[in-house]
Amino acid sequence: MKNRVAYFGVFTALALIFSYIETLVPISFGIPGVKLGLANLIIVIALYKIPLREVYVLSIVRVLLSGVLFGNYFSIAYSLAGGISERYLEQLMALLKKAGGFSVIGISIAGGVCHNIGQLVVAMIVVETFAMSYYMPVLLVAGLITGFLIGVVADQVLRRISDIMFLE
């Protein structure tokens, strides 16, 4: 039990550090609202190293803490909405992982695309217009690119830490 708490703390701290780094050095793709999502790197790694229910909690804790520490009310609202949709996203990612045939990169791409779709749906509800759906192709491409980049890094990290004992 102590190890689980320690691993959860490390994952939470790393996710917060990456969230903070992203606020200091915003990696912009020139598209409004699109960012790399460095903290999602930790979520993808955690998906392979800790039980799924703990990944859910990690995701929500990360969203709440980073929103309070580094964001504003709107970022918390969108992040929470994204976090709620992430619960379903993490289930999808876990199913893809369990099904086999999907690499870490493929699972991360699915996560990036689904996250962007979830946030766009919430944005359409908040501003009460369907017109924002025209932004969907841009967000799908952004989700593919950012999911790929996060997946490549997560894959390399997982290969290097495979010798470290984790509680599965």
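Throughout what follows, the structure given in this document is the object of discussion.

So, how was this worked out
Residues numbered from 1 in each chain as written. Predicted model: local features only at pLDDT ≥ 70, side-chain atom pairs only at ≥ 80, totals over all residues. Heavy atoms only, no water. Axes fitted to C-alpha atoms, helices over the stretch in contact; angles between N-to-C directions. Helix = DSSP H or I, 4+ residues; strand = E, 2+ residues; numbered from the N terminus. Left-handed = near helix turned anticlockwise from the far one by under 90°. Nonpolar A, V, L, I, M, F, W, Y, C, P; charged D, E, K, R; others polar. 1 Å grid on protein atoms, 1.4 Å probe; cavity = no way out; pocket = protein on both sides within 12 Å on 5 of 7 lines; lining within 4 Å. Points joined across faces, edges and corners; volume = space filled by probe spheres on them. Core = buried A, V, L, I, M, F, W, Y, C linked by side-chain atoms within 4.5 Å. Buried < 20%, exposed > 50% of the residue type's maximum accessible area, 1.4 Å probe, protein only. Expected span 1.5 Å × (residues − 1). Salt bridge = Lys/Arg side-chain N within 4 Å of Asp/Glu carboxyl O. Patch = residues over 30% accessible without salt bridge, like charges linked within 9 Å, V, L, I, M, F, W, Y side chains within 5 Å. Areas by Shrake-Rupley, 256 points an atom, 1.4 Å probe, with all protein chains shown as cover.

Focus on the packing of helix α5 (residues 104-127) against helix α6 (residues 136-160)
Their axes nearest at 7 Å, the elements α5 and α6 cross at an angle of 145°. Considering how the two elements wind past one another, α5 and α6 form a crossing that is right-handed. Split by residue class, the contact of α5 with α6 holds 16 nonpolar, six polar and one charged.

Structural notes on the layout of surface pockets
Volume-wise, the second largest pocket comes out at about 190 Å³. Considering the residues around the second largest pocket, the lining is formed by twelve residues, among which L47, L52, A94, K97 and K98 are closest to the centre. Listed by contribution, the elements that provide at least two residues to the lining of the second largest pocket are α2 (39-49) and α4 (73-99). Residues that form the lining of the second largest pocket fall into these classes: seven nonpolar, one polar and four charged.

Thoughts on the nonpolar core
F11 and I45 are the most contacted members of the largest nonpolar core, which has 26 residues in total. Of all the secondary structure elements, the ones that give two or more residues to this core are α1 (2-24), α2, α3 (52-70), α4, α5 and α6.

Quick notes on α5
The end-to-end C-alpha distance of α5, which contains 24 residues, comes to 35 Å, matching closely the 34 Å that a straight helix rising 1.5 Å per residue would cover. One or two positions beyond α5, positive phi appears at E128, with a value near 55°.

Concerning the environment of V63
Here V63 lies in helix α3. The sequence separation of V63 and L16 amounts to 47 residues, and the corresponding C-alpha distance is 8.8 Å.

Comments concerning the pattern of salt bridges
With the rule as written, the count across this model stands at two salt bridges. The salt bridge involving R4 is made with E54; its shortest N-O contact spans 3.1 Å. Taken as a pair, R4 in helix α1 and E54 in helix α3 lie far apart in primary sequence, 50 residues in all.

Focus: a nonpolar patch on the surface
Among the surface-exposed residues, V141, L144, I145, F148, L149 and V152 lie close enough to one another that they form a single nonpolar patch of about 480 Å² accessible area. Counting through the fold element by element, V141 comes out in helix α6. Residue classification places V141 among the partly exposed positions, given a relative accessible area of 46%.

Some words on the environment of I43
Relative to the elements of secondary structure, I43 occurs in helix α2. Using a relative accessible area of 5% as the deciding quantity, one classes I43 as buried. Along the backbone, I43 and S108 are 65 residues apart, and their C-alpha atoms lie at a distance of 9.5 Å.

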